[in-house]
Amino acid sequence: MQDLRRELTLRLLRTIARWIAPGYEVRAMADLAALRGQLRLTGIFFVTILLPGLLLAWTSLSSIQGEGLAVWDEVKRRGELAIATLSDEADETFLSFETATRQRLESGRSPVDAPAELSPHLLVAFRIDAQGRVAAPFDRRKVPPTQDHTLVLSPEWREALRQEHDDPTAAARLYHDLSLQSRGIRNRGQAAFAEGRALMRAGQGSAAEQVFADVVADYAHVRDLNGFRLGDLARLKRGELLLARDPEIGRGTLEALTDELISARWTIGLGGEAAVAARSLELLEDHAPKDWLASARGRLEEKTRLLFYAGQLQSQLDIVTAGGKALRVAPAEFSYQLIERTLWATTWWGEDFYAFALDADTIVAHIQDVAAQTVRTDPDLAAQVLSPQGAASPDALARRTLAPYLPGWSLLVSPSDPVGLDRAQLRKRAERVIVIVLSLVIIITGALLSVRLVSRQLDVAREKADFAANVSHELRSPITHIRLKGESLQFGLVEDDEDLQEHYDAIVRESERLSRLVDNVLDFASIERGAKRYTLRPADLGDTVRAAVESARYSMETRGMVMELDLPDGMPVVLHDPEAIAQVVQNLISNAAKYGKEGGWIGVRGHVGPEGVSVDISDRGIGIPPEEIEQIFDRFYRSSDPDARRRKGTGIGLTIVKYIMEAHNGSVSVRSTPRQGSTFTIHFPLKPPSPRS
Ligand code: ADP
């Protein structure tokens with residue numbers, strides 16, 4: 001059962017190996033074990049690092065779209081907050097007005113008397129009674145003034161007017177007549193008043209006073225063509241006369257007149273009372289107490305202002321009243337209506353209907369002010385009050401209607417710099433992408449490096465195993481040879497002289513090979529341990545190379561090799577360890593023989609140049625594939641070329657060569673053409689290396 005499983009696993013692994021690398025040749029269990037190790041490692045990396053890394057990166061990348069909007073979302077959130085505050089504060093403008101109005105109504109005081117206390121934006125307020133008439137603060141002119149002025153323009157009138165300057169007494173008489181003859185109460189009253197005026201001018205004070213007293217008694221409420229009440233005018237003139245005669249009485253009369261006029265209910269469209277009161281105040285200028293004058297003037301101005309607005313807004317008031325009647329909601333509930341630039345707030349209280357005319361322009365300016373204050377602390381936001389015709393910008397973050405208070409108007413919060421926000425968002429997104437991609441690259445690189453590192457380790461382990469096998473084999477073959485040849489000699493099986501010689505040669509050659517092998521293995525072991533030491537001394541490099549070649553020559557030539565040595569005269573003295581360099585030369589010659597052609601040629605040639613001394617060891621053998629040139633000096637490295645593989649070796653010869661040359665501050669290099677041969681060059685720089693052992 002276990003065997004079967006093993007067999008199946010092996011088969012699977014072989015298939016995978018062929019699939020991954022079609023040229024891969026599965027050679028032995030060691031390979032399979034290494035492959036299995038690599039696969040397991042790759043699996044672990046994939047499952048524990050790469051896969052989660054990729055998944056994380058994928059999730060992060062896909063969430064960036066949403067994340068990128070965070071800048072806008074954040075500003076939008078602040079915009080929403082701002083608009084909520086803003087809207088509350090805008091509402092407050094209206095709520096405080098409503099509350100103040102309601103309080104006044106509840107306490108039984110009329111809200112139309114003191115508009116300024118209810119809201120700074122209130123122009124004028126009206127109370128409309130159950131019959132739809134304006135009940136406060138003004139009257140409304142019910143009938144248009146009569147056009148009855150025929151007598152006024154009569155020749156008598158014109159004559160009286162003309163004489164008033166030159167002969168006021170005569171004029172007074174004419175007016176007196178007119179006052180008796182004229183038709184219509186207004187004409188009679190006007191003539192009577194004119195008589196008083198002419199008498200005054202004629203200097204007949206007491207007569208004039210009398211006439212004015214009569215006018216007050218008979219025509220108090222009759223209005224002249226300009227809308228003045230004759231009674232008021234007569235009282236004013238009488239007051240003026242009194243002031244001259246008896247200032248105390250005159251002042252009292254005029255003060256009473258002024259107070260009365262200011263508190264009277266005026267009529268919309270008629271400014272007589274206001275004008276008379278103003279004139280009276282003028283007369284009192286030097287007579288009445290200052291504070292009284294100031295207060296009277298203030299009240300007069302305020303009331304005149306209200307009358308002005310009331311006159312302006314009459315036609316709008318009609319619209320509002322008509323609409324308000326239909327809409328009778330709960331008491332003191334306000335409804336709002338915008339007509340041109342006036343915001344009408346209306347409410348019912350008992351049987352009365354109240355209409356408040358608010359100035360929409362100042363309200364909008366006020367809300368705009370509040371809006372600007374609210375967003376002042378946030379430089380990203382801008383707030384705006386949007387008119388019904390205004391178009392909201394497409395970047396707007398939040399919008400709130402100002403209805404029901406300001407129908408059609410709305411509050412808008414938008415980014416102060418949308419382009420800047422877009423840029424910030426792009427930057428944030430780019431940063432994220434860069435971080436994710438970088439992390440991904442690092443994870444993948446790390447995983448690949450780790451896999452490579454471990455697979456390198458596995459390779460080394462396999463090479464070591466190969467090395468052990470190779471060394472054993474390398475040891476066995478010379479030993480077998482020596483033993484065979486020795487036994488042949490021992491048992492006297494060889495008689496022929498030539499044969500004898502051949503046997504001795506073989507024994508010597510194989511012993512040399514054996515000792516070189518043992519030297520190499522021992523050297524390699526001490527190099528690996530870091531224990532190998534060389535003793536450098538100045539010596540003739542030519543001598544060292546020659547001795548090495550000569551010691552190899554005999555064995556080479558018995559193998560039918562041709563060895564050619566070409567050293568220039570006067571090879572320099574080089575600081576070196578002759579034994580070690582001899583080992584280098586012998587290793588290279590032995591390789592040249594091993595990878596050379598049967599009965600081939602080996603050339604050893606020395607050069608002396610400006611840069612140093614070098615020695616080439618050349619052969620015309622199988623050569624080295626270019627892609628392996630880099631690796632042949634690595635420990636245990638043996639070519640994968642089948643031709644080279646057929647020749648036994650351990651893969652440490654060149655490693656030792658390289659190590660020894662580096663210890664001499666020199667180098668080893670190779671030029672090779674496959675199937676044509678190789679040249680290994682060892683090079684010594686001319687500057688002697690610093691002595692090192
Ligand atoms: P070994 O010869 O014991 O295998 P080396 O370290 O001496 O180990 O050589 C490493 C590899 O370099 C050899 O396996 C062989 O493929 C290649 N090589 C070395 N010298 C030569 C040469 N002269 N010609 C062709 N290939 C060579």
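Residues numbered from 1 in each chain as written. Predicted model: local features only at pLDDT ≥ 70, side-chain atom pairs only at ≥ 80, totals over all residues. Heavy atoms only, no water.

1. Let's talk about the overall build of the protein
Argument step 1. Counting its secondary structure elements, the protein contains 20 helices and 17 strands.
Argument step 2. Relative to the compact-globule value of 26 Å for 693 residues, the protein shows a C-alpha radius of gyration of 63 Å, a clear excess of over 25%.
Argument step 3. Judged by the C-alpha coordinates and their principal axes, the protein covers about 195 × 70 × 40 Å.
Argument step 4. Counting over 693 residues, the protein shows a buried share of 43%.
Argument step 5. Carbon together with sulfur atoms contributes 55% to the accessible area of the protein, which is approximately 37200 Å² in total.
Argument step 6. Taking the average location of the 84 positive side-chain charges in the protein and that of its 95 negative ones, the two points are 4 Å from each other. (Helix = DSSP H or I, 4+ residues; strand = E, 2+ residues; numbered from the N terminus. Rg over C-alpha atoms; globule rule 2.2 N^0.38 Å. Buried < 20%, exposed > 50% of the residue type's maximum accessible area, 1.4 Å probe, protein only. Areas by Shrake-Rupley, 256 points an atom, 1.4 Å probe, with all protein chains shown as cover. Lys, Arg positive; Asp, Glu negative; His and termini not counted. Charge placed at Lys NZ, Arg CZ, Asp CG, Glu CD.)

2. A few points about the packing of helix α17 (residues 541-558) against helix α18 (residues 578-594)
Argument step 1. Remark: α17 packs on α18, axes separated minimally by 9 Å, with the N-to-C direction vectors making an angle of 40 degrees. By the angle between their directions, the pair α17 and α18 is classed as oblique. As for the relative orientation of α17 and α18, their crossing is right-handed in sense. Between α17, through Leu541, Thr544, Val545, Ala548, Val549, Ser551, Ala552 and Met556, and α18, the contact on the second element is made entirely by Pro578, Ile581, Ala582, Val585, Gln586, Ile589 and Ala593.
Argument step 2. Classifying every residue of the contact of α17 with α18 by side-chain character gives 12 nonpolar, 3 polar and no charged. (Axes fitted to C-alpha atoms, helices over the stretch in contact; angles between N-to-C directions. Parallel < 35°, antiparallel > 145°, perpendicular 65-115°, else oblique. Left-handed = near helix turned anticlockwise from the far one by under 90°. Contact = heavy atoms within 4.5 Å. Nonpolar A, V, L, I, M, F, W, Y, C, P; charged D, E, K, R; others polar.)

3. A word on a nonpolar patch on the surface
Argument step 1. A surface patch of nonpolar side chains, amounting to about 360 Å² of accessible area, comprises Phe46, Val47, Leu51 and Leu55.
Argument step 2. Counting through the fold element by element, Val47 comes out in helix α2 (residues 29-68).
Argument step 3. Accessibility expressed as a relative area gives 54% for Val47, which makes it exposed. (Patch = residues over 30% accessible without salt bridge, like charges linked within 9 Å, V, L, I, M, F, W, Y side chains within 5 Å. Salt bridge = Lys/Arg side-chain N within 4 Å of Asp/Glu carboxyl O.)

4. Regarding the environment of Asp466
Argument step 1. Here Asp466 shows up in helix α15 (residues 418-490).
Argument step 2. On the basis of relative accessibility, which here comes to 26%, the residue Asp466 falls in the partly exposed class.

5. Observations concerning the site of the ligand
Argument step 1. Taken together, 20 residues form the shell around the ligand, and within it Asn591, Tyr595, Asp619, Arg638 and Thr650 come nearest.
Argument step 2. Lys594 is positioned such that a nitrogen or oxygen atom in its side chain is 3.1 Å from an oxygen atom of the ligand.
Argument step 3. Protein coverage of the free-state accessible area of the ligand, which is 530 Å², stands at 98%.
Argument step 4. When contributions to the shell around the ligand are tallied by element, the ones reaching two or more residues are α18, α20 (653-663) and β17 (677-685).
Argument step 5. For the shell around the ligand, the per-class residue count stands at 9 nonpolar, 8 polar and 3 charged. (Near = heavy atom within 4 Å. Polar contact = N/O pair within 3.5 Å; in protein donor to acceptor, adjacent residues only side chain to side chain.)

6. Some details on the packing of aromatic side chains
Argument step 1. Within this structure, the stated rule accounts for 17 aromatic pairs.
Argument step 2. Here the aromatic rings of Phe97 and Phe334 are separated by 5.6 Å at their centres, their planes lie at 65 degrees, and the arrangement is edge-to-face. A residue pair is termed long-range when its members are at least 10 positions apart, and Phe97 in helix α3 (residues 70-106) and Phe334 in the loop between α13 (314-326) and β5 (335-339) qualify at 237 residues.
Argument step 3. A relative accessible area of 12% means that Phe334 is categorised as buried.
Argument step 4. On the numbers, 6.3 Å between centres and 20 degrees between planes, the contact of Tyr354 with Phe356 is stacked.
Argument step 5. For Tyr354, a relative accessible area of 5% translates into the label buried.
Argument step 6. By relative accessible area, which is 0% here, Phe356 ends up buried.
Argument step 7. By the ring-pair criterion, three or more aromatic residues cluster together here, those being Phe97, Phe334, Tyr354 and Phe356.
Argument step 8. For the cation-ring pair, Arg620 lies above Trp601, with the distance from its terminal atom to the ring centre recorded as 4.0 Å. (Phe/Tyr/Trp six-rings, centres within 6.5 Å; stacked < 30°, edge-to-face > 60°. Lys NZ or Arg CZ within 6 Å of the ring centre and 35° of its normal.)

7. Description of the environment of Ile64
Argument step 1. Within the secondary structure, Ile64 sits in helix α2.
Argument step 2. Look at Ile64 and you get buried, because its relative accessible area is 6%.
Argument step 3. Leave out the neighbours within four places in its chain, and Ile64 touches Arg429, Arg432, Val433 and Ile436.

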